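Report on the structure
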Amino acid sequence: MNNNIQMVDLKSQYQNIKSEINEAILKVIENGQFIKGPDVKIFEDNLKSYLNVKHVIACANGTDALQIAMMALKLRPGDEIIVPVFTYIATAEVIGLLGLKPVMVDVELDTFCIDVAKIENVITTKTKAIVPVHLFGQCANMDEIMELAQKYNLFVIEDTAQAIGSKYTFQNGTVVSAGCIGDIGTTSFFPSKNLGCYGDGGALFTNDDALAQKLRMICNHGQKVQYVHDIIGVNSRLDTIQAAILNVKLGQLRNYENSRNQAAHWYDELLGKLDWFEIPRRSNSSTHVFHQYTIKIKEGREKRDALKAELSKRGIPTMVYYPIPLHQQKAFETENYPLGSFPVSEALCDVVLSLPIHTEMNYEMVQEIAQNLIQVYQELN
Ligand SMILES: *Cc1c(COP(=O)(O)O)cnc(C)c1O
C-alpha cells in the first residue's frame, strides 16, 4: 500500500516554493488591494512575455474565459460553434449558455484532439467559430484549423486550459504558443492545471487590439470608464492574491513542464513495449506539456475499470478523462446525436486511463505505478 502517490501533489510542490509564495501572499494582504492590485497587471505582463502574445486579460476561471471569448464575437442565438466531442464539459457548456448551437466533431484516436478531416462536413452558413481543445497538453492540428477558418471566415477560440506553455510549429516553420494562434485563446489556473493558482483563475489571450479591449470590458461589467456601461458584461476577475501566487509559479513553469516530460518519458520506457497498453502519441507539430499522461487499455471498459479499482486498493490513484462524450451527456440530449454518432470518442471513453503525473514525481514513483499496473493487469487475466 502506497500512500504518497497522488494524481497531483500540490502540497509537495508548495514546500519547494514556500517562502516565495508566503512572501507574495503576505505582501498582498499587507497592501490591502485584493481586487485589481498591482500583481494582476504584473502577472498579465509576465504571461504576455512568456507566451509572446500581445494581450493577456486575466479573469475568474477558465469557463468564464470561454464565455467571455464568445460574448466578444458578436454571435447571435442559433449560430453554430464547432467543438470536439471528447473534452471537458466547460468547452460546450458556455455555447449552450449563450444560446448558441454546439456542433460536435469526433476526435483523432491517437492525439485525442479534434479530427480536422471531419470539420469541413459540418460547416454551414450558420457556422461562426471553431473551438479546438488542446487536450491533455498538446495542440490540435492548427495548420488545418486555421486554413479552414480562413476559407469559411470563422473565428477560432483555442481552449488552452490543459496546454499552457505548449508550442505549435506550423508547416512553414513558424512557432507559436498554444492559445496565441487563433483569434482568442483561453486558459484556466485551476489548482491542478499546469499553471495553477490556489483557488480559481483564468485568462484570455489575443493579438487583436480591438478584441482585447472588448474582452477587458466584458470582464468588467462592460465598462471602460467606471459607471459607464457600453455593453453587457460580467464580473470576472483574477484575485490579486491568486495573481501574486501565479507570478511565483510562472517562474517555475518551464521547470514544471520539464518534470512532467521526464515522468512521461519514464512511463514510455516502462510501458511502451507492452502491447496491452497504448502510450500517448506525440504530435509532430506540437510540444507536449503532459497535463495528463493518458494510456489506452486495449481490452476495453470492463478491464479498464477493474484495473482502476484494483490500483486504487493499492493506493495508486488513476482517473478516467473522460468517461462520457459530450453528445451522450443529458445536458446535450436536445442536440440529438444518437449513440454511434462519434465512434472514436465513444471508443476512447471505454479505454482511456490517466496515470498520476505531476511536477514532484521521481523515477521510483513512476516505476512503482508502472510495476503495479503491469502486475494488476496480469493478475486480472
Ligand atoms: C479545466 C478546463 C476548463 C475550465 O476551467 P475552469 O477554470 O475549471 O473553469 C475548460 N476547458 C478544459 C479543456 C479544461 O480542462
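Refer to the structure presented above.
Described in the following lines is the structure provided in the data block. Here the structure is a predicted model, which is why all the values come from computation and not from measurement. (Residues numbered from 1 in each chain as written. Predicted model: local features only at pLDDT ≥ 70, side-chain atom pairs only at ≥ 80, totals over all residues. Heavy atoms only, no water.)

Quick notes on the site of the ligand
- Close to the ligand lie 14 residues, the nearest being Gly-62, Thr-63, Asp-159, Ser-188 and Lys-193.
- The contact in question runs from an oxygen atom of the ligand to an N or O atom on the side chain of Thr-63, over 2.5 Å.
- Ser-188 places a side-chain nitrogen or oxygen 2.6 Å from an oxygen atom of the ligand.
- In the complex, 92% of the free accessible area of the ligand, which totals 380 Å², lies under the protein chains.
- Taken together, the elements giving at least two residues each to the shell around the ligand come down to helix 4 (62-71) and helix 5 (90-97).
- By residue class, the composition of the shell around the ligand is four nonpolar, eight polar and two charged. (Near = heavy atom within 4 Å. Polar contact = N/O pair within 3.5 Å; in protein donor to acceptor, adjacent residues only side chain to side chain. Areas by Shrake-Rupley, 256 points an atom, 1.4 Å probe, with all protein chains shown as cover. Helix = DSSP H or I, 4+ residues; strand = E, 2+ residues; numbered from the N terminus. Nonpolar A, V, L, I, M, F, W, Y, C, P; charged D, E, K, R; others polar.)

Structural notes on a nonpolar patch on the surface
- A grouping of Leu-26, Ile-29, Phe-34 and Ile-35 is seen on the molecular surface, where their side chains present a nonpolar patch of about 350 Å² in accessible area.
- Checked against the element boundaries, Ile-35 lands in the loop between helix 2 (18-31) and helix 3 (38-51).
- Residue Ile-35 is classed as partly exposed on the basis of its relative accessible area of 41%. (Patch = residues over 30% accessible without salt bridge, like charges linked within 9 Å, V, L, I, M, F, W, Y side chains within 5 Å. Salt bridge = Lys/Arg side-chain N within 4 Å of Asp/Glu carboxyl O. Buried < 20%, exposed > 50% of the residue type's maximum accessible area, 1.4 Å probe, protein only.)

As for helix 3
- The end-to-end C-alpha distance of helix 3 is 20 Å, a good match for the 20 Å that 14 residues give at a rise of 1.5 Å each.
- Buried within helix 3 are the following residues: Asp-39, Val-40, Phe-43, Glu-44, Leu-47, Tyr-50 and Leu-51. Within helix 3, the buried residues cover an arc of 140° as seen down the axis, which keeps them to one side. For helix 3, the exposed residues lying more than 90 degrees away from the buried face are Lys-41 and Ser-49. (Expected span 1.5 Å × (residues − 1). Arc of directions from axis to C-beta.)

Things to note about the sheet that holds strand 12 (residues 277-278)
- Spatially, the three strands line up as an open sheet ordered 12-13-14, and their pairing is antiparallel. Edge positions in the open sheet fall to strand 12 and strand 14 (352-355), since each of these has one partner strand only.
- Inspection of the sheet shows strand 12 paired to strand 13 (residues 293-297) by two bridges, in the antiparallel sense. Paired with Glu-278 across the two strands is Lys-296, which belongs to strand 13.
- Seen against the sheet, helix 11 (residues 343-351) touches strand 13 and strand 14 and runs at an angle of roughly 50° to strand 14. (Pairing = 2+ DSSP bridges. Contact = heavy atoms within 4.5 Å. Axes fitted to C-alpha atoms, helices over the stretch in contact; angles between N-to-C directions.)

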